Amino acid sequence: MSDPTPPTTGDEPAVERTLADPADEVTEINPDVDIAPEDIGVPVVSEGERLLEVDEVTLRFGGVVALNEVSFHINKGEILGLIGPNGAGKTTCFNVMTGVYQPTSGGVRYLGKPLGKRKKFQITKLGIARTFQNIRLFANMTALENVLVGVDAHHSTGVVSAMFRLPKHRREEAQGYARAIELLTFMGLDGKADELARNLPYGDQRRLEIARALATSPQLLCLDEPAAGFNPAEKAKLMELIRTIRDQGYTVLLIEHDMKLVMGVTDRIVVLEFGRKIAEGSPAEIRDNPAVIAAYLGVDEEDAS
Amino acid sequence: MSTTTSAPAAPKKSSPGFRERVDNLPKAVKIALWVVFAFFLFLLPLLNIPFITTEGSDFGGVLFTVATYVLVALGLNIVVGYAGLLDLGYVGFYAIGAYTIGVLTSEHAHMSWVVVVPIAIVVAMISGIILGAPTLRVRGDYLAIVTLGFGEIVRLTLVNSEWLGGAQGISDIPKPPGLELFEVPSIDWSSGAPVVDLGTTSTFLKFGINDFVPYYWLALGIIGLVLVFDILVKSSRVGRAWEATREDEDAAELMGVPTFRFKLLAFALGAAIGGLSGALFATKAGFISPDSFQLLLSILFLAAVVVGGAGNRWGVIVGAIVVAYFPERFREFADFRVLVFGLALMLLAIFRPQGLLPPRRTVRAKRADDRQAVLEEGEAHV
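From a predicted model like this one, the values you see are computed outputs, not experimental measurements.

### Description of the overall build of chain A
Helix and strand content of chain A: 11 helices and 10 strands. Counting only residues that meet the buried cut, chain A has 46% of its 305 residues in that class. Within chain A, counting contacts between residues at least 6 apart in sequence, those at least 24 apart form 70% of the total.

### Description of the pairing of strand S2 (residues 64–75) of chain A
When strand S1 (residues 50–61) of chain A meets S2(A), the two strands line up antiparallel, connected through 8 bridges. Residue Arg50(A) lies in a different strand from S2(A), and its bridge partner there is Asn75(A).

### Some remarks on the packing of helix H2 (residues 27–47) of chain B against helix H7 (residues 213–234) of chain B
All names here are of chain B. As a packed pair, H2 and H7 sit with axes 10 Å apart at the nearest point and diverge in direction by 160°. For the element pair H2 / H7, the angle class is roughly antiparallel. Remark: the crossing between H2 and H7 carries right-handed chirality. Taken together, the residues of H7 that come into contact with H2 (itself represented by Leu41, Phe42, Pro45 and Leu46) are Val213, Tyr216, Trp217 and Leu220. Taken together, the residues of the contact of H2 with H7 break down into 8 nonpolar, no polar and no charged.

### Structural notes on the domain arrangement of chain A
A common way to report how large an interface is uses the accessible area buried once the components associate. Residues and elements named next belong to chain A. Assigned domains within chain A: domain 1 (43–127 + 219–305) and domain 2 (135–217). Computed from C-alpha coordinates alone, the two centres of domain 1 and domain 2 are separated by 26 Å. Elements represented by at least two residues in the side of domain 1 that touches domain 2 include exactly helix H2 (120–126) and strand S7 (220–224).

### A short note on unusual backbone geometry
Residue and element names in this part refer to chain A. Within the chain, glutamate 56 stands out as a residue other than glycine whose phi angle is a positive 45°. Mapped onto the fold, glutamate 56 is located in strand S1. Even without a glycine there, the phi angle at glutamate 69 is positive, about 45°. Counting through the fold element by element, glutamate 69 comes out in strand S2.

### A few points about helix H8 (residues 237–247) of chain B
For H8(B), the buried fraction is high: 11 of the 11 residues fall into the buried class. When we look at burial in H8(B), the residues that qualify are Arg237(B), Val238(B), Gly239(B), Arg240(B), Ala241(B), Trp242(B), Glu243(B), Ala244(B), Thr245(B), Arg246(B) and Glu247(B).

### Section: the sheet that holds strand S3 (residues 79–83) of chain A
Whenever strands of a sheet pair, they do so through backbone hydrogen bonds, lying parallel or antiparallel. Residues and elements named next belong to chain A. Taken together, the 6 strands give an open sheet; going across it, the order is S6-S7-S8-S3-S9-S10, and neighbouring strands pair in mixed fashion. Looking at the sheet topology across the chains shown, the edges are occupied by strand S6 (128–130) and strand S10 (276–281). In this sheet, neighbouring strand axes are inclined to one another by 20° on average, regardless of whether the strands run parallel or antiparallel. For S3 and strand S8 (residues 251–255), the ladder comprises 4 bridges, and the chain directions are parallel. Bridging across to S8, leucine 82 finds its partner in isoleucine 255. Across the sheet, helix H1 (residues 90–97) lies against S3, S6, S7, S8 and strand S9 (268–273), angled at about 150° from S7, the strand it touches most.

### Comments concerning the domain arrangement of chain B
For chain B, the assigned domains read domain 1 (1–7 + 15–41) and domain 2 (56–306). Relative to domain 2 of chain B, the C-alpha centre of domain 1 of chain B lies at a distance of 27 Å.

### Structural notes on the pairing of S10(A)
All names here are of chain A. Of the strand pairs in this sheet, S9 and S10 are connected by 5 bridges, and their pairing is antiparallel. Bridged to isoleucine 269 within S10 is glycine 281. Connecting S9 to the next strand, S10, in antiparallel fashion are 2 residues, including phenylalanine 274 with a positive phi near 50°.

### Topic: the sheet that holds strand S4 (residues 105–110) of chain A
All names here are of chain A. Read across the sheet, 4 strands follow the order S2-S1-S4-S5 without closing on themselves; strand pairing throughout is antiparallel. At either margin of the open sheet sits one strand with a lone partner, and together these are S2 and strand S5 (113–114). Helix-sheet contacts for H1 involve S1, S2 and S4, and the interaxial angle to S2 is about 65°.

### Regarding the packing of helix H3 (residues 143–151) of chain A against helix H6 (residues 202–215) of chain A
All names here are of chain A. Contact geometry of H3 with H6 gives a least axis separation of 6 Å together with a crossing angle of 30°. The angle between H3 and H6 falls in the class roughly parallel. Viewed along their axes, H3 and H6 form a crossing whose handedness is right-handed. Where H3 abuts H6, its residues Ala143, Asn146, Val147, Val149, Gly150 and Val151 lie against Leu208, Ala211, Arg212, Ala213 and Ala215.

So, how was this worked out
Residues numbered from 1 in each chain as written. Chains lettered and ligands numbered in written order. Predicted model: local features only at pLDDT ≥ 70, side-chain atom pairs only at ≥ 80, totals over all residues. Helix = DSSP H or I, 4+ residues; strand = E, 2+ residues; numbered from the N terminus. Buried ≥ 20, exposed ≤ 12 C-beta atoms within 10 Å, placed from the backbone. Contact = placed C-beta atoms within 7 Å. Pairing = 2+ DSSP bridges. Axes fitted to C-alpha atoms, helices over the stretch in contact; angles between N-to-C directions. Parallel < 35°, antiparallel > 145°, perpendicular 65-115°, else oblique. Left-handed = near helix turned anticlockwise from the far one by under 90°. Nonpolar A, V, L, I, M, F, W, Y, C, P; charged D, E, K, R; others polar. Domains from an automatic or database assignment.

Below, the structure written as structure tokens:
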């Protein structure tokens, strides 16, 4: 932010990219690229099994009850929507699942085992990755480096291997670069690998966050309002992208405000209000659920949309 | 990779034209340029170049001091520049390195210098871990205050511990074993033109008490090694983890970076390099006392890093040269030097807040691009 110099276009082979008109913001993704999670020791469960269970989680901040005995589960291979009005506790729920907060009572089970007091980076290694509602990229690192940090989650190169350029370092670097380029290509960011994250257009930053999360080879990908600030065309692209990600073997948990997006893309939906779960079911059931309509969509649902 | 040291530290917009031209030189030419430059640095104290050479004080000694600052700046850059941890007590590690030398070669034992230097590095590193393990859980300002206290604790311990020589310090620190391979003549400019002066020579590597040039050579060699280490480690998973932690600690942790471990690593490596620099200082000075390790030194070390451009190894080298060399060169204005220094820092903060040579992200980006090109062609790299 303190650096007023614009991105150096002199180094860039393709200048026209930076001059693209806003319509081009909707980057084509490359669903042909195979980004299926590789075998790196992350336990794999079969389709339909319960990947993650949130079990009567209560979280209090002093007198405020942020989550009140919330229970739901995520099946392997599905897209689960987590919706609710502002302040309902959706992001807090994410934070409990990823180890940012310890629940006051209750717990989260991943693949049948409680997460317990595991640290954030340990939970990431187990296979839960997330994006952030307000973009939190490593702003002064390039797009490629951002993704590499994610890939590094399963690497173990230390000072000694790096200093002597031991085979482990070289193997991990080569594998990491290949994987990072693959992910950037998949997200339609392949031409922007060398751009600093902070210089990327907003939409690219959102996509880069997803690429970085995918780089940690997660079983469960948690997207916190990935479509915030997108126009309808971009949202349509994003829906397509989320489906593609699921089809490649990932399980997706999606927080989203845009009802059209949530209804169109999810398999099941969990609705929170004031820290409580008020409904759970298929998009059609949620759409017709009077409690949800009253609490979340407002009474005049037809007018609102 | 090869351009920055020779580039002037002018606070202008750097011209990409020049940089690109140097970057595009054939590899052999680049290596040749590096060798010439290194050769020049080694000969610098003997060239006696007018204007650059300090009049009042021995130039070899001044260059040695500059070299210790450069070394310290490189170490502190790992902590402050790469990992983003504000350390105000760095002089503590410098003192620990120096006192390890003093205690083990003079005060309580008479071990060989060659053995003691690695011990000094390890002791400094361990002290870094001991300081870091409890304190790296606090962030930002709090860490700065804790480290500030650490620097003072080390100094006060030295003052009050008789075992460590108390306020008198430790003297008679022996010289390192020399080699005496060959003599290097110096250049005499007194006639107005450079003339080789075979009468005034420095012996490679004889660590005497009058000629400080061999100490400078030693320090220069060590700087070279530390630079290679720095480059190799920075361009690996470790360097990326440090930068990610600096950019956003929580996000880094959620992307699988064990941030605490990497912060501690940065602290330990920084401390080790600081200790090494202190060890060199003690070796050359032959005498150390708590007065040599004032708080002001911590501030100067940090100033070197910030002035040069935290996060850029070439930048902090320039910063260290600015902080250590100019006060010596302009000794006649010594009375005003703190004033000038303060003024310069203010101007820098206004016009160049990122430092003289801020990190060259674009170069890194370009290197990433080259790697990508290699990958896409399916060739093995490195």
